[in-house]
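Residues per chain are reported as follows:
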Amino acid sequence: MAFIPLSVPNVGAEETEKVAQAVTSSWVSTGGQLINDFEEAFASYLHMPRAVACNSGSSALHLAALVSGIQRGDEVIVPTLTFIAAVNPVTRYMGAEPVFIGCDDSLCIDPDAVEEFCFQYCEMRENGLYNKSTGARVRAMVVVHVFGNMADMERLMKIAHRYGLLVIEDATEALGTRYTQGAYEGKYAGTIGDVGCFSFNGNKIITTGAGGMVVSNHPDWAEHAKHLSTQAKADVLQFLHDEVGYNYRMTNLQAAMGLCQLAKLEKFIATKEENYDHYKRALDGVRGMKILPFREGTRSNKWFYSLYLPEGVDRDGLMEALNQRQIQTRPIWALIHQQCDYGRNAAYALARALDYRKRIINIPCSTNLTAEECGRVITAILDLVPNKE
Ligand SMILES: *Cc1c(COP(=O)(O)O)cnc(C)c1O
């Protein structure tokens, strides 16, 4: 029986050919026309003026934090139910402290809890929001569009405006997700806040092997991100640097792959949708299981599917049994406020995040997953999850 992986790259002859052309041209490193072409195609897809390519989603997030002007000692509101790269680069790398917030039923940061934190525990001063108990400035909020779901941007942006918070969007999992209704109709995840970040890691909806992108509604922020990603070189010939920069650049080889992958994005989303519908028809509401929905009024890229298990099912036992049938799954992330040294940071409104952490597994969702494979996953789950009736 063939192994069914959770989420793997989907690359073909186009990528092979384009990367080979780049190799033949000798433009294999961090300069080259394909990098500009990929940035332009990406910006144009998102209806943004500029996109800045970099070597990972994590470095995109670090660049976003740097151009936002997060200062040592600042506090940043972050979700606790997320991948750790949404938190480390915008807090610890910057010498800033996170304030952790639980999730709503989209698995994204809970706007009620963000509002409550700002209202109850903070005060507005002349130049911004301050935490009453720590005295620190609360400068920004990180919104992660979890598994391709759109966070509640209408509510979150209102709160951000009311309290003068910068908004960093981690859209690493949500390339292609957009509003189809409401105040942000037509707007893509990552293009609504002050700065947005994307990832092209191997498990994401499109991949360049590894890579990332930064977009911003402030044109000078995007330029600044580009500058910082290239060692902040002010004079290329003389090697003059006007601030501390980084080598966060994408290579021309990665950009070659990115161009081909971006051209396939809509096709990939269509496959994600078909397989999601297949799982939903077969499993949602069956034996107390749920296939979690994506936000209404949006077109989600449906990057990851969440199977919410009924009370009492042994999550890790189920994953192991599926693994024995050559089906790869994974639990949702361990909460960040319980990891590293984040235990000393404040965390609010955790009940839902704790429950989802216990009961969600992600099931195979590659963009080359076939209907037959989907069927095999469904059969295995129905075999293994007990019928209580
Ligand atoms: C993948 C991911 C990142 C980091 O991207 P890399 O390209 O792996 O560095 C950050 N945040 C979230 C939510 C992610 O899923």
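Reading guide: rules and limits
Residues numbered from 1 in each chain as written. Predicted model: local features only at pLDDT ≥ 70, side-chain atom pairs only at ≥ 80, totals over all residues. Heavy atoms only, no water. Helix = DSSP H or I, 4+ residues; strand = E, 2+ residues; numbered from the N terminus. Buried < 20%, exposed > 50% of the residue type's maximum accessible area, 1.4 Å probe, protein only. Lys, Arg positive; Asp, Glu negative; His and termini not counted. Salt bridge = Lys/Arg side-chain N within 4 Å of Asp/Glu carboxyl O. Polar contact = N/O pair within 3.5 Å; in protein donor to acceptor, adjacent residues only side chain to side chain. Contact = heavy atoms within 4.5 Å. Pairing = 2+ DSSP bridges. Axes fitted to C-alpha atoms, helices over the stretch in contact; angles between N-to-C directions. Phe/Tyr/Trp six-rings, centres within 6.5 Å; stacked < 30°, edge-to-face > 60°. Domains from an automatic or database assignment. Buried area = accessible area lost by both parts, 1.4 Å probe.

Most peptide bonds take the trans configuration, and most residues that are not glycine carry a negative phi. Positive phi, normally seen in glycine, also occurs at Ser26, with a value near 70 degrees. By the secondary structure assignment, Ser26 is in the loop between α1 (13-25) and α2 (33-45). Positive phi is not limited to glycine here, since Ala349 has a value of about 55 degrees. Structurally, Ala349 can be placed in the loop between β17 (347-348) and α10 (351-359). A relative accessible area of 42% means that Ala349 is categorised as partly exposed.

As for its placement among the helices and strands, Glu75 is situated in strand β2 (residues 75-79). Despite its burial, Glu75 pairs with no opposite charge, the nearest such side chain being Arg344 at 9.3 Å. Only 2.7 Å separates the side chain of Glu75 from the side chain of Thr134, close enough to count as a polar contact.

Right, let's talk about the environment of Glu75 for a bit. On the basis of relative accessible area, Glu75 is assigned to the buried category, the value being 6%. Counting along the chain gives 59 residues from Glu75 to Thr134, while the straight-line C-alpha distance between them is 9.4 Å. Not counting residues within four places of it along the chain, the set of residues in contact with Glu75 comprises Glu97, Val99, Phe117, Asn131, Thr134, Ala136, Arg137, Val138, Arg139 and Ala140. Among the polar contacts listed, one links the side chain of Glu75 to the side chain of Asn131, at a separation of 2.8 Å.

On to the sheet that holds strand β16 (residues 330-331). Overall, antiparallel pairing links the 4 strands, which are arranged β13-β15-β18-β16 in an open sheet. What marks the edges here is a single partner per strand, and that holds for β13 (290-291) and β16. Pairing geometry for strand β15 (residues 305-308) and strand β18 (residues 360-363), over 4 bridges, is antiparallel. Each bridged residue has a counterpart across the sheet, and for Tyr305 the counterpart in β18 is Ile363. Contacting β13, β15 and β18, helix α8 (residues 265-283) crosses the sheet at an angle of about 10 degrees to β15. Along the sheet, helix α9 (residues 315-324) makes contact with β16 and β18, crossing β18 at roughly 20 degrees.

Attention now goes to the packing of aromatic side chains. Scanning the model with the defined rule gives 19 aromatic pairs in all. Here the aromatic residues Phe38, Phe42, Phe198 and Phe200 are joined through ring pairs into a cluster of three or more.

Quick look at the domain arrangement of the protein chain now. Split by domain assignment, the protein chain resolves into domain 1 (13-262) and domain 2 (265-332 + 349-384). Placing a centre on the C-alpha atoms of domain 1 and another on those of domain 2 gives a separation of 27 Å. When domain 1 packs against domain 2, the two sides together hide about 2,600 Å² of surface, and 57% of this comes from carbon and sulfur. Looking only at domain 1, the three residues that lose the most surface to domain 2 are Asp105, Phe147 and Ile205, adding up to 28% of its buried area. Linking domain 1 with domain 2 are 3 salt bridges. Between Arg352 and Asp110 there is a salt bridge, with the nearest N and O atoms lying 3.7 Å from each other. At the surface where domain 1 touches domain 2, the tally comes to 21 residue pairs in polar contact (both at pLDDT 80 or more).

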